[in-house]
Structure formats: structure tokens, C-alpha cells
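# Coordinates in review
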Amino acid sequence: MDELRRRAAAAAVPQREEGLVVCENLVRIYQTEGVEVQALQGLDLAVAQGEMIAVIGASGSGKSTLLGILSGQDVPTAGAAEVAGHDLLAMKRRDRLNYRRGTVGFVWQQTSRNLLPYLTAAENVMLPMTYTGIKRSQRRARAEELLDLLSVGHCRDRTPDTLSGGEQQRVAVAVANANEPRVLFADEPTGELDTATSDEVFAALRRANEDLGVTVVVVTHDALVSEQVQRTVRIRNGRTSTEVLRRVATGEDGVEVHSAEEFAVLDGSGRLQLPGEFTERLHMRKRVRLALESDHIGVWPDEAARRAKSEAEEAGAGGDKRAQ
Ligand code: ADP
Ligand code: MG
């Protein structure tokens, strides 16, 4: 274990201001049978080295598309994306292959997609290392260290079909870390598991983050999971819309105070997405009134539009009564 920690510490260079993962105005358009789907519509995201963040959002909001691009499996239509100094738009085929094998690790939701069924857990972890030229005895030692670290050492000589879903996903985290990646991406890794088992898998991701120093980006729809990280980024319609930052402060009385604050994401052009629950409550549509104050910006509903809408609703309600 000391060897793993030592290497992780050596890999930890000072945090760069711009982040280890940086997306700017990222666009991904899918064309299928003449129909255009804008899966990402100018997404901005920065993740610092050593950070662990959760990405949440409704189904179809673009989470998997984002992870596909960042893990080098898919190429964006426009914008900028950089991971550990690799430009994901300019990368050549050969570099892309090396990038996928060495710079990033990936854990999928489907347990069966992460592991080869006819190999033991240890052999699954050793497999990605065959590309790196490390000796077989060293591969075995590293695989066993990783499995022990993630509390699945007892699974090392068993094939995936004899493991529980949670054990398979923890072995998958070990596989994803085999080549000491800079960033680990996990797309709903606990999606098929119950709460207790999800917690174990999430603990394994956190272990990888804390003990191996790998930066982690985990997509989840599990609110309990997203509450366990310091930063949660929400994607709406292919753009990052809000972020929740969690802090723990210790007061003078020694009591820990947990706080969570929600922030809207402001992009390079000054664009901002207002949460739907806010705009609906105040009937904000199409146009809002803005005013600059000394320390904040005020946003009000467009009164004329609001009046027209409530008059229309009253007329509609009257119409219903007459119909009864
Ligand atoms: P999420 O992971 O948040 O559920 P996805 O990134 O999978 O969302 O999908 C975002 C949007 O892009 C959806 O409207 C989806 O139907 C569409 N989409 C995803 N992959 C493809 C594809 N290969 N071809 C066409 N449309 C796609
Ligand atoms: Mg998805």
C-alpha cells in the first residue's frame, strides 16, 4: 500500500488554476436519419486536480455524452475540451488510443460491461497493464494491492459470475485504476445496485480519489451519493446550470457545521440558466427585468407578460365554470 501512496504523492503536481479537466462551450450534435439532436449545447466545466465531483441531471440531459467525450470515446462537434494537457479535439488516432489506455479510467453502469467473464478479478485488473510493459510479477502485485485497497482482496481468484454486483463494481474500479490514470470517469456506477451496495462502491471511488490521488468525475442520479462529494454539478439541456458546494466548518465549540450552497454557473459570455422551479414560481417567461444594485443583480418578472398570462388564466377558469 505504501508503494501506491508514494506513487500517488509523486504524481500529485500543484493544482493548476485552469483545472485538470476543462470544457469550454462544448457542443455535441448527433445526426440520425436527418434529425439533429443537440446533446451538448455549449457546456462549461472545470475540475481541479485531485477533486471528486458528482454530475447529476435528468435522463437525456447529456451526462453520458459528456463522459464519452472526456474519456476519448467520442469527439465533440465544437468547443474546447482538455484533460491533463490533452486537447480532445485535436488528438490523433494513435494518441487517442494511448489516452484511453493510460490517462483515463472508466467504470460503466452495467457490471457486465466492465469485466471479462472468463478472467478472475486479479486477471481483469492485470489486463490493462499488458499495454504498459510492466513485468508479469509486478502486474500481479499491483492488481492484488488495488483489490485489497478497495476491499475486494477476497475476490482476486474468482470470476465475475461468482461475485455480487457491488463486488463486481469495486473490481471494476480497480481495473479502471490499473494504469494509474489521471482521471477516473464513472457513468452511473451504482445505477443497478441497492443503497447499501451503492455505498460500498461509492466508498471504493472515494478511496481511489483519496489514497491514489486520482481525480474522479461520477455521474449519478442518487441524491445520497451526490451529497457525499464537495461539489455537485447539475446539467440541464446539455449545459451546466447549477453547482452545489458543500463545506464542513468546525466552530469554536468544536462542533462540525455542514453547509451546502447552490450556485448558478455563469459562462464566458455572461449567460446564466435560472432554475425552472424559480422561474415557474414567479411566472418568468421569455423576458425578465434586470437591475444592477451595489452588490447584486435583481431579476424580476416582466409584469406586462405576467398580467396578460393571469388574465388569460382567469378567462380560461371562467370558461370552465360555464361549461359545467
Ligand atoms: P444522459 O446520459 O444524461 O441520459 P445522453 O448523453 O445519453 O443523456 O443523451 C443526451 C441526448 O442525446 C439525448 O437526447 C439522447 O437521445 C441523444 N443521444 C445520445 N446518444 C446518441 C446517439 N448516439 N445518436 C443520437 N442521439 C443520441
Ligand atoms: Mg446516461
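Note that the coordinates shown come from a computational prediction; the quantities given were computed from them, not determined experimentally.

Next up on the list: the sheet that holds strand β5 (residues 86-87). With antiparallel pairing, the 4 strands of this open sheet are ordered in space as β2-β1-β4-β5. The open sheet terminates on both sides in strands that have one partner only, identified here as β2 (35-47) and β5. Taken together, the 2 bridges between strand β4 (residues 78-83) and β5 define a ladder with antiparallel strand orientation. In the sheet register, V83 faces β5, and the bridge partner there is H86. In this fold helix α2 (residues 63-70) packs onto β1 (21-32), β2 and β4, with an angle of close to 115° to the strand it touches most, β1.

Once that is clear, we can look at helix α7 (residues 165-176). With 12 residues, α7 extends 16 Å between its outermost C-alpha atoms, agreeing within 8% with the 16 Å of an ideal straight helix rising 1.5 Å per residue. The element α7 is extensively covered by neighbouring structure, given that 11 of its 12 residues are classed as buried. Of the positions making up α7, those classed as buried are G166, E167, Q168, Q169, R170, V171, A172, V173, A174, V175 and A176. Residues of α7 that are buried in the fold lie against β6 (104-107), α4 (111-114), α5 (121-126), α6 (136-149), β7 (183-187) and α8 (195-212).

Core analysis: the largest hydrophobic core is formed by 36 residues, its most contacted members being V125, L147, V171, L184, L205 and V218. Contributing elements (two or more residues each) for this core: β3 (52-56), α5, α6, α7, β7, α8 and β8 (215-219). Considering each element in turn, this core owes the most residues, 6 residues, to α7. Every residue in contact with L205, bar those within four places of it in the chain, is listed here: M52, V173, L184, A186, P189, V216 and V218. Membership of the second largest hydrophobic core comes to 29 residues, among which are C23, L26, F185 and V219.

Take L119: it is sitting in the loop between α4 and α5. A residue is classified by how much of its surface remains accessible, and L119, at 17% relative accessible area, is buried. Taking the C-alpha atoms as reference points, L119 and P76, separated by 43 residues in sequence, lie 34 Å from one another. When neighbours within four sequence positions are excluded, L119 is seen to be in contact with N124, L127, R158, T159 and P160.

Okay, the sheet that holds strand β11 (residues 256-264) next. Reading across the sheet, the 7 strands line up as β6-β7-β8-β3-β9-β10-β11 and stay open at both edges, with mixed pairing between neighbours. On the outer flanks of this sheet lie β6 and β11, each paired with one strand and no other. When the angles between neighbouring strand axes are averaged without regard to direction, this sheet yields 20°. Here β6 pairs with β7 via 4 bridges, running parallel. Within β7, the position partnered with G105 by the bridge is L184. Strands β3, β7 and β8 of the sheet are contacted by α8, whose axis makes an angle of about 155° with β8.

Turning our eyes to something else, we now look at unusual backbone geometry. With phi around 45°, E33 is a residue other than glycine that occupies positive phi space. Position of E33 among the secondary structure elements: in the loop between β1 and β2. If you check the backbone angles, N237 has positive phi at about 45° while not being a glycine. When you line up the elements, N237 lands in the loop between β9 (231-236) and β10 (239-250).

For the structure on display, the rule yields 1 aromatic pair. Positioned over the ring face of Y131 is R101, at 3.8 Å from the centre of the ring. Taking the ring centre of W108 as reference, the NZ or CZ of R113 above it sits at 3.4 Å.

Glancing now at the pattern of salt bridges. The final tally for this structure, using the stated rule, is 13 salt bridges. For the salt bridge of R156 with D148, the shortest nitrogen-to-oxygen distance reads 3.7 Å. Its relative accessible area of 24% is what places R156 among the partly exposed residues. On the accessibility criterion, D148 (39% relative accessible area) is partly exposed. A salt bridge links E167 to R158; the nearest nitrogen and oxygen atoms lie 4.0 Å apart.

On to the pairing of β2. As paired elements, β1 and β2 share 10 bridges and run antiparallel to each other. Of the residues in β2, the one forming a bridge with V27 is Q41. In this antiparallel pair of consecutive strands, β1 and β2, the connection spans 2 residues, and E33 shows a positive phi of 45°.

In the vicinity of ligand 1, the contacting residues are Y30, V37, A39, A58, S59, G60, S61, G62, K63, S64 and T65. In the environment of ligand 1, an oxygen atom lies 2.7 Å from a nitrogen or oxygen atom belonging to the backbone of G60. T65 is positioned such that a nitrogen or oxygen atom in its side chain is 2.5 Å from an oxygen atom of ligand 1. Out of a free accessible area of 570 Å², ligand 1 has 63% covered by protein chains. Only β2 and α2 provide two or more residues apiece to the shell around ligand 1. Of all the elements, α2 adds the most residues to the shell around ligand 1, at 3 residues. The residue inventory of the shell around ligand 1, partitioned by class, reads 4 nonpolar, 6 polar and 1 charged.

Reading the values: rules and limits
- Residues numbered from 1 in each chain as written.
- Chains lettered and ligands numbered in written order.
- Predicted model: local features only at pLDDT ≥ 70, side-chain atom pairs only at ≥ 80, totals over all residues.
- Heavy atoms only, no water.
- Pairing = 2+ DSSP bridges.
- Helix = DSSP H or I, 4+ residues; strand = E, 2+ residues; numbered from the N terminus.
- Contact = heavy atoms within 4.5 Å.
- Axes fitted to C-alpha atoms, helices over the stretch in contact; angles between N-to-C directions.
- Expected span 1.5 Å × (residues − 1).
- Buried < 20%, exposed > 50% of the residue type's maximum accessible area, 1.4 Å probe, protein only.
- Core = buried A, V, L, I, M, F, W, Y, C linked by side-chain atoms within 4.5 Å.
- Phe/Tyr/Trp six-rings, centres within 6.5 Å; stacked < 30°, edge-to-face > 60°.
- Lys NZ or Arg CZ within 6 Å of the ring centre and 35° of its normal.
- Salt bridge = Lys/Arg side-chain N within 4 Å of Asp/Glu carboxyl O.
- Near = heavy atom within 4 Å.
- Polar contact = N/O pair within 3.5 Å; in protein donor to acceptor, adjacent residues only side chain to side chain.
- Areas by Shrake-Rupley, 256 points an atom, 1.4 Å probe, with all protein chains shown as cover.
- Nonpolar A, V, L, I, M, F, W, Y, C, P; charged D, E, K, R; others polar.

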